[in-house]
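Summary of structural features
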Amino acid sequence: MANNGNAALRAARQALGYRSQASLADALTDAARAIGLRIEVAARTVRRWESTDPPWPHPEHAAALEALFKRPITELGFTPPWPNGAEGRGFRESLGTNGNQKPGRYRRVMGGTELPATVAKNYVAITVAHRGMYWSLPAKQLQRSVSDHARLGADLIPQIDVRATTSLARAVSESALLAGRLEFFDLQQPEEAQTSFVLALQAAHEAADALLGCAVLAHMAFIPAFSGEAKRAEEARERVRAARAFARRGDGNHELTAWLDAVEAEVETRFGNTRQALSLIRHAEQSYAQHDPQDRPSPEWLDWFSPTRLAGFKANTLISAGDGRQALETLRQVLDELPAESVKQRSVYLADAAAACVLDKLPEQACRFLEHALDGIGEYWYATTLDRIKVVRQDLRKWDSLPEVRALDERLYDWHTTVNSLSG
């Protein structure tokens, strides 16, 4: 490094218009918060980074730097502390140990036996199994297993054979992402989901996997979007922008682009911008039309998205826009095409179909769809579905005297649904 310090970072800072190290520190703090990392970057930290021998940043600092500058930190004058550029040696930062602790430093394997690469191989196999189990096991049961698995992997990273670090870290990221999905969508535990998503983002950074980072950031956007707080709109949008930056860095294919469009459409729908959301859905449909899975296959973990599920996003936006007829038409096709094993997603679409019927003043038909949705969550509990059912039930108040509505209440407030909804 030249005697004038880290010229690369200083030049990058000045190119973005930050004249002082303190102003860059503030910008990095904002960038970190936008991607879900609750950290404060101090001016003295930036001063150390711009010194002659800058330390390798903590993972959360590195994520903020990359989100702000839109480039890998190795292009900002930082040199990895592990030999020969191999990921995962030296004083790497830890991914945390449990949901109540903040990330600390990785333990260097000192005087102990390094774990063989077969450990990573076995760990990955369990991660893949959990991916498949998501569609069939009860959420509460699976969440415990997946969350424990993710934390185990985080503990193993500093102990594993360096040649297996990347594959292990990638699997840890996927496991933590799945834990977050279960906590957020299935169990309605946004705080726990946030902790899991941060772990997933840190592990993706350890693996240098930009596409996994993209997936995590996009999921992080759902937390402020679903909060119901208008003041958090920009927080959600910033996370989507960060996800798109990571997708470009990882050369994401058309299917991933379509999913990001759908995520952003959901965000904008949540904040009442249905016209923009429908425009994003149209762009997603165009992206899917260009998708060639043989030429550029999607990551194996991107199993939650398909043209059918894109249509489901579209129907939800159409409902928010007040177009019940087209939404119902779309949802009938979605329900016909949805795989039989997608029980949880089917229950969501049934609730959406009921909402479309209410818009078209078809209360009896809405009740029939809701009965089927309740059948679905009776088989596989899904908190997101119950939320949508309750919203539709509120919209049915003007038809409270109908026998179909009274029968619906008997189902909606039976023991199974009531206990599950109140037990979290």
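For the structure, see preceding data.
Looking now at the packing of aromatic side chains. Taken as a whole, this structure holds 11 aromatic pairs when the rule is applied. On the numbers, 5.0 Å between centres and 85° between planes, the contact of Phe 184 with Phe 185 is edge-to-face. Of the two residues, Phe 184 and Phe 185, both sit in the buried class. Here the aromatic rings of Phe 185 and Phe 222 are separated by 5.4 Å at their centres, their planes lie at 75°, and the arrangement is edge-to-face. Of this pair, Phe 185 sits in helix H7 (residues 165–186) while Phe 222 is found in helix H9 (residues 210–225), placing the two residues 37 residues apart along the sequence. Taking relative accessible area as the criterion, Phe 185 reaches 12% and is therefore assigned buried. One Lys or Arg, Arg 270, reaches over the ring of Phe 226 and ends 3.6 Å from the middle of that ring.

Let's shift gears to the environment of Asn 316. Looking at the secondary structure, you find Asn 316 in helix H13 (residues 307–320). In this structure Asn 316 comes out as buried when scored by relative accessible area, which is 11%. Expressed as a C-alpha distance, the spacing of Asn 316 and Leu 328, which sit 12 residues apart in the sequence, is 9.8 Å. Beyond its immediate chain neighbours, meaning those up to four positions away, Asn 316 contacts Glu 266, Asp 352 and Arg 388.

The subject of this paragraph is the nonpolar core. Side chains of a nonpolar character, in soluble globular proteins, are inclined to be buried together. Among the nonpolar cores identified, the biggest contains 125 residues, and Leu 28, Leu 65, Trp 259, Trp 304, Phe 305 and Leu 396 are the most heavily contacted of them. No other element matches H9, which puts 12 residues into this core. If we ignore the near neighbours within four places in the chain, the residues touching Phe 305 are Glu 255, Ala 258, Trp 259, Ala 262, Tyr 288, Leu 310 and Phe 313. Core analysis: the next-biggest nonpolar cluster, separate from the first, contains 12 residues, Tyr 123, Ala 164, Val 172 and Ala 203 among them.

Let's shift gears to the side chain of Thr 127. As for its placement among the helices and strands, Thr 127 is situated in helix H5 (residues 117–133). Using a relative accessible area of 3% as the deciding quantity, one classes Thr 127 as buried. Filtering out sequence-adjacent residues up to four positions away, Thr 127 remains in contact with His 149, Ala 171, Glu 174 and Ser 175.

Packed helices, taken two at a time, are described by their axes: the angle between them and the distance between them. At a minimum axis separation of 8 Å, helix H11 (residues 254–270) and helix H12 (residues 274–289) run at an interaxial angle of 170°. Viewed along their axes, H11 and H12 adopt a mutual orientation that is roughly antiparallel. Across from His 254, Glu 255, Thr 257, Ala 258, Asp 261, Ala 262, Glu 264, Ala 265, Glu 268 and Thr 269 in H11, the residues of H12 making contact are Gln 276, Ala 277, Leu 280, Ile 281, His 283, Ala 284, Ser 287 and Tyr 288. Residues belonging to the contact of H11 with H12 are distributed by class as follows: 8 nonpolar, 6 polar and 4 charged.

Attention now moves to unusual backbone geometry. Look at Ala 208: it is not a glycine, yet its phi comes out positive at around 55°. By secondary structure assignment, the location of Ala 208 is in the loop between helix H8 (190–207) and H9. With a phi angle near 60°, Lys 361 is a residue other than glycine that sits in the positive phi range. Considering the arrangement of structural elements, one finds Lys 361 in the loop between helix H15 (343–359) and helix H16 (363–379).

Below, the discussion takes up H11. Between its first and last C-alpha, H11 extends 24 Å over 17 residues, near the 24 Å set by a 1.5 Å rise per residue. Most of H11 sits inside the fold, with 14 of its 17 residues counted as buried. You can read the cap of H11 off the contacts: a side-chain oxygen lies 3.2 Å from the backbone nitrogen of Glu 255, and it is on Asn 253. Count one or two residues on from H11 and you reach Gly 272, which has phi positive near 85°.

Attention now moves to the pattern of salt bridges. In this structure the tally under the stated criterion is 26 salt bridges. A salt bridge links Asp 251 to Arg 296, with the nearest nitrogen and oxygen atoms 3.2 Å apart. On the criterion of sequence distance, the pair formed by Asp 251 in the loop between helix H10 (233–249) and H11 and Arg 296 in the loop between H12 and H13 is long-range, its members being 45 residues apart. Judged by relative accessible area, which is 29%, Arg 296 ranks as partly exposed. When the shortest N-O distance is used, the salt bridge between Glu 371 and Arg 411 registers 2.9 Å. Separated by 40 residues along the polypeptide, Glu 371 in helix H16 and Arg 411 in helix H18 (residues 403–412) bring together distant segments of the chain. Taking the relative accessible area as the measure of exposure, Glu 371 reaches 21% and is therefore partly exposed. A single salt-bridge network, built from bridges that share partners, covers Arg 131, Glu 174 and Glu 300.

Conventions and cut-offs
Residues numbered from 1 in each chain as written. Predicted model: local features only at pLDDT ≥ 70, side-chain atom pairs only at ≥ 80, totals over all residues. Heavy atoms only, no water. Phe/Tyr/Trp six-rings, centres within 6.5 Å; stacked < 30°, edge-to-face > 60°. Buried < 20%, exposed > 50% of the residue type's maximum accessible area, 1.4 Å probe, protein only. Helix = DSSP H or I, 4+ residues; strand = E, 2+ residues; numbered from the N terminus. Lys NZ or Arg CZ within 6 Å of the ring centre and 35° of its normal. Contact = heavy atoms within 4.5 Å. Core = buried A, V, L, I, M, F, W, Y, C linked by side-chain atoms within 4.5 Å. Axes fitted to C-alpha atoms, helices over the stretch in contact; angles between N-to-C directions. Parallel < 35°, antiparallel > 145°, perpendicular 65-115°, else oblique. Nonpolar A, V, L, I, M, F, W, Y, C, P; charged D, E, K, R; others polar. Expected span 1.5 Å × (residues − 1). Polar contact = N/O pair within 3.5 Å; in protein donor to acceptor, adjacent residues only side chain to side chain. Salt bridge = Lys/Arg side-chain N within 4 Å of Asp/Glu carboxyl O.

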